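Descriptive structure summary
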Amino acid sequence: MDRGELLYEGKAKQVYRTPDPDRLIQHFKDDATAFNAQKRGTIVSKGIVNNRISEVLFGVLERAGVATHFVERLSERDMLVRACQIVKIEVVVRNVIAGSLATRLGRPEGEALPEPILEHYLKDDALGDPLLNDWHIRFLQLATPDELAAINATALRVNAVLRPYLDARQIVLVDFKLEFGRHHGQLLVADEICPDTCRLWDKTTGHKLDKDRFRRDLGAVEEAYQEAARRICGVAA
Ligand code: ADP
Ligand code: MG
């Protein structure tokens, strides 16, 4: 499938049209941003790793009956996906306290949660992706109540599928962000699932295999992405 017109350039990816109006190409870049793009940098080969890991994890979800936008990986950095109208909500599922939740609730990073916590953020860089509750979502008409119920149930199902998959690969799924898209009346898990959008900790040492290494200047960023790819895909990217 050939790349057509550049539809959108985001922080980590470019989105291109294809000859088929129902299909888009996501091109994965090495660009890295954090803290609402105040911090910028490059993680060498990140695009390749994120494309591969997303391919594998979308495949795991599809086989578990979760509908996603994934069609096929076309090349090192290009993925063919179903064209969606993206729901402007970033859905976060948390199994362990980390990042902004530790700050917001004043609890230590690493505290295991007795049940997953689900959060919604407005997908709006200009506003800094603020936290939303159900009333905000209704007021802003970001999703219908039925859509929101389906989004929440699917997000928890994704967690239930990915947690054991990653656990078997010696990775704790601490938390992750999902985006959903509307495609011919169907709700699909869209965007990417990778070390940019998940917190992945080594099961025995707690070593971080995700974008927190970049956010917090922990070093060995590329090595961590490669290690995540090795464990999740069975090969280095
Ligand atoms: P951003 O800076 O907005 O996070 P990215 O660099 O992640 O952007 O580029 C991917 C963009 O494409 C995102 O805005 C995402 O919402 C959107 N997107 C992801 N999957 C699809 C899809 N299947 N159809 C349409 N848009 C998509
Ligand atoms: Mg993005």
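Everything in this summary refers to the structure shown in the same document. (Residues numbered from 1 in each chain as written. Chains lettered and ligands numbered in written order. Predicted model: local features only at pLDDT ≥ 70, side-chain atom pairs only at ≥ 80, totals over all residues. Heavy atoms only, no water.)

Let's talk about the packing of helix 1 (residues 46-63) against helix 6 (residues 221-233)
Taken N-terminus to C-terminus, the directions of helix 1 and helix 6 make an angle of 25°; their axes are 10 Å apart at the nearest point. As judged from the angle between their axes, helix 1 and helix 6 are roughly parallel. Read as a crossing pair, helix 1 and helix 6 show a hand that is left-handed. Taken together, the residues of helix 6 that come into contact with helix 1 (itself represented by Lys46, Val49, Asn50, Arg52, Ile53, Val56 and Leu57) are Tyr225, Gln226, Ala228, Ala229, Ile232 and Cys233. (Axes fitted to C-alpha atoms, helices over the stretch in contact; angles between N-to-C directions. Helix = DSSP H or I, 4+ residues; strand = E, 2+ residues; numbered from the N terminus. Parallel < 35°, antiparallel > 145°, perpendicular 65-115°, else oblique. Left-handed = near helix turned anticlockwise from the far one by under 90°. Contact = heavy atoms within 4.5 Å.)

A short note on the side chain of Arg94
Along the chain, the position of Arg94 falls in strand 9 (residues 89-96). On the basis of relative accessible area, Arg94 is assigned to the buried category, the value being 3%. Of note is the side chain of Arg94, whose polar atom sits 3.1 Å from the backbone oxygen of Ala98. Excluding its chain neighbours within four sequence positions, the residues that come into contact with Arg94 are Ser100, Leu101, Arg104, Leu113, Pro116, Ile117, Glu119, Tyr121, Val174, Asp175 and Arg199. (Buried < 20%, exposed > 50% of the residue type's maximum accessible area, 1.4 Å probe, protein only. Polar contact = N/O pair within 3.5 Å; in protein donor to acceptor, adjacent residues only side chain to side chain.)

Some remarks on the site of ligand 1
In the vicinity of ligand 1 there are 18 residues, among which Lys11, Ala12, Lys13, Arg82 and Glu179 approach most closely. At 2.8 Å from an oxygen atom of ligand 1 is found a main-chain nitrogen or oxygen belonging to Lys11. Lys123 places a polar side-chain atom, nitrogen or oxygen, 3.1 Å from an oxygen atom of ligand 1. The protein chains hide 91% of the 550 Å² of surface that ligand 1 would expose on its own. Only strand 2 (13-17), strand 3 (23-28) and strand 7 (78-82) provide two or more residues apiece to the shell around ligand 1. (Near = heavy atom within 4 Å. Areas by Shrake-Rupley, 256 points an atom, 1.4 Å probe, with all protein chains shown as cover.)

A look at the pairing of strand 12 (residues 171-183)
Of all the 13 residues making up strand 12, 11 are buried; the element is thus mostly covered by neighbouring parts of the structure. Strand direction decides the pairing type here: strand 8 (residues 85-86) and strand 12, joined by 2 bridges, are antiparallel. Bridge pairing in strand 12 places Gln85 opposite Arg182. In terms of strand pairing, strand 9 meets strand 12 through 4 bridges, oriented antiparallel. Residue Val93 lies in a different strand from strand 12, and its bridge partner there is Phe176. Here 5 bridges tie strand 12 to strand 14 (residues 198-202), and the two strands are oriented antiparallel to one another. By the bridge assignment for strand 14, Asp175 is matched with Arg199. Of the pairings in the sheet, the one linking strand 12 to strand 13 (residues 186-190) comprises 5 bridges and is antiparallel in character. Bridging from a neighbouring strand, Phe180 pairs with Val189 of strand 13. (Pairing = 2+ DSSP bridges.)

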